[in-house]
Amino acid sequence: MNQIIDFFLEPYRTATTLDIVLEFTAMLFGVVGVWYGKMENILVYPLGIISTCIYVYICYKYVLYGDFIINIYYTIMSVFGWYMWSKVIDEKENHIPITRTNTSDKLKAFGIFIFTSLFVILVYRYYNVMPNNLGFTDSVNYAFTNMTSGSLDDFRKITPFLDTFTTGIFFAAMWLMALKKIEHWILWIMGNIVAIPLYFVKGLGFTGIQFIILLVIAYLGYKQWKKSLDNQKMQML
């Protein structure tokens, strides 16, 4: 137990009080914001903007470039989502409803995932955050070997590879969320599962806890949005 506590607290021993308070504040606003998203409440966006703006500063300071890019994108997409959720779409002053993705939406989301992942890989290889002397097969072997070695130090070596996945999937999730597509919750669930150990290893324990809570909320959000979607269908019968 002491080892677990030390693993959580060690990164904070050299952190300033301001940085700890900022991370906790960003975590709190992020969790509350996603809870509002679960309830299809537009407050998800202003609360999310506060959280992501704080994380932009934190990630830049701690040289977490992938997360820095993610949170800039989150902030921009939160403004877009705020607009999409608040705009009136008909004479009855209705807003966009919860819907499922069609083939076009799926292709666009996949395109966002691939483009974002490749962009992060290029940035990481350029700055040598990710080994830039390895080909595709060697990179896969490098990631798999270090992931399965059982060593925490080896696992830290592959965090840029996991960043590539989470960045791509979260980018796609934010876009689908702005359009109120129920599948965005599935992407959040997938990304959160990877992000939980990733942020603990990066030394951002409060953020790791945040992603545990967000994983639960994402599951509950999917169930609630599905129920709302089923009710819409019943009303149309």
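The paragraphs below set out a description of the structure included in this document. Please read these numbers as outputs of a predicted model, since none were measured by experiment.

## Some words on the packing of helix H8 (residues 159-178) against helix H9 (residues 184-202)
Then, number 1: Taken N-terminus to C-terminus, the directions of H8 and H9 make an angle of 145 degrees; their axes are 9 Å apart at the nearest point. Every pair of crossing elements has a handedness; the one defined by H8 and H9 is left-handed. Contacts from Thr159, Leu162, Asp163, Phe165, Thr166, Ile169, Phe170, Ala172, Ala173, Met174, Leu176 and Met177 of H8 reach H9 at His184, Leu187, Trp188, Met190, Gly191, Asn192, Val194, Ala195, Leu198, Val201 and Lys202.
Then, number 2: A breakdown of the residues in the contact of H8 with H9 according to their chemical character gives 16 nonpolar, 5 polar and 2 charged.

## Remarks on helix H6 (residues 136-147)
Then, number 1: Taking 1.5 Å per residue, 12 residues should reach 16 Å; H6 reaches 16 Å between its end C-alpha atoms and fits that length.
Then, number 2: When we look at burial in H6, the residues that qualify are Ser139, Ala143 and Asn146. The buried residues of H6 occupy one face: seen down the axis, they fall within an arc of 80 degrees. Those residues of H6 that are exposed and aimed more than 90 degrees away from the buried face are Thr137 and Phe144.
Then, number 3: Where H6 is buried, its residues touch helix H5 (103-126), helix H7 (152-157) and H8.

## Points about the side chain of asparagine 146
Then, number 1: Along the chain, the position of asparagine 146 falls in helix H6.
Then, number 2: Note on asparagine 146: relative accessible area 8%, which makes it buried.
Then, number 3: The residues touching asparagine 146, leaving out its near neighbours within four places in the chain, are Asp154, Phe155, Lys157 and Ile158.

## Looking at the environment of threonine 25
Then, number 1: Looking at the element boundaries, threonine 25 is found in helix H2 (residues 17-38).
Then, number 2: Sequence separation between threonine 25 and valine 63 is 38 residues, and the spatial gap between their C-alpha atoms is 20 Å.

## Points about the nonpolar core
Then, number 1: Counting residues in hydrophobic clusters, the biggest one holds 50 residues, and the most contacted among them are Trp85 and Trp188.
Then, number 2: Going through the elements one at a time, H2, helix H3 (44-61), helix H4 (65-86), H5, H8, H9 and helix H10 (205-236) are the ones with two or more residues in this core.
Then, number 3: Per-element tally for this core: the top contributor is H8, with 10 residues.
Then, number 4: In this structure, tryptophan 85 is in contact with Gly37, Glu40, Asn41, Ile42, Val44, Tyr45, His95, Ile96, Met177, Ala178, Lys180 and Trp225, ignoring residues within four places of it in sequence.
Then, number 5: Listed in part, the 11 residues of the second largest apolar core include Val120, Ala143, Ile158 and Leu198.

The rules behind each value
Residues numbered from 1 in each chain as written. Predicted model: local features only at pLDDT ≥ 70, side-chain atom pairs only at ≥ 80, totals over all residues. Heavy atoms only, no water. Axes fitted to C-alpha atoms, helices over the stretch in contact; angles between N-to-C directions. Helix = DSSP H or I, 4+ residues; strand = E, 2+ residues; numbered from the N terminus. Left-handed = near helix turned anticlockwise from the far one by under 90°. Contact = heavy atoms within 4.5 Å. Nonpolar A, V, L, I, M, F, W, Y, C, P; charged D, E, K, R; others polar. Expected span 1.5 Å × (residues − 1). Buried < 20%, exposed > 50% of the residue type's maximum accessible area, 1.4 Å probe, protein only. Arc of directions from axis to C-beta. Core = buried A, V, L, I, M, F, W, Y, C linked by side-chain atoms within 4.5 Å.

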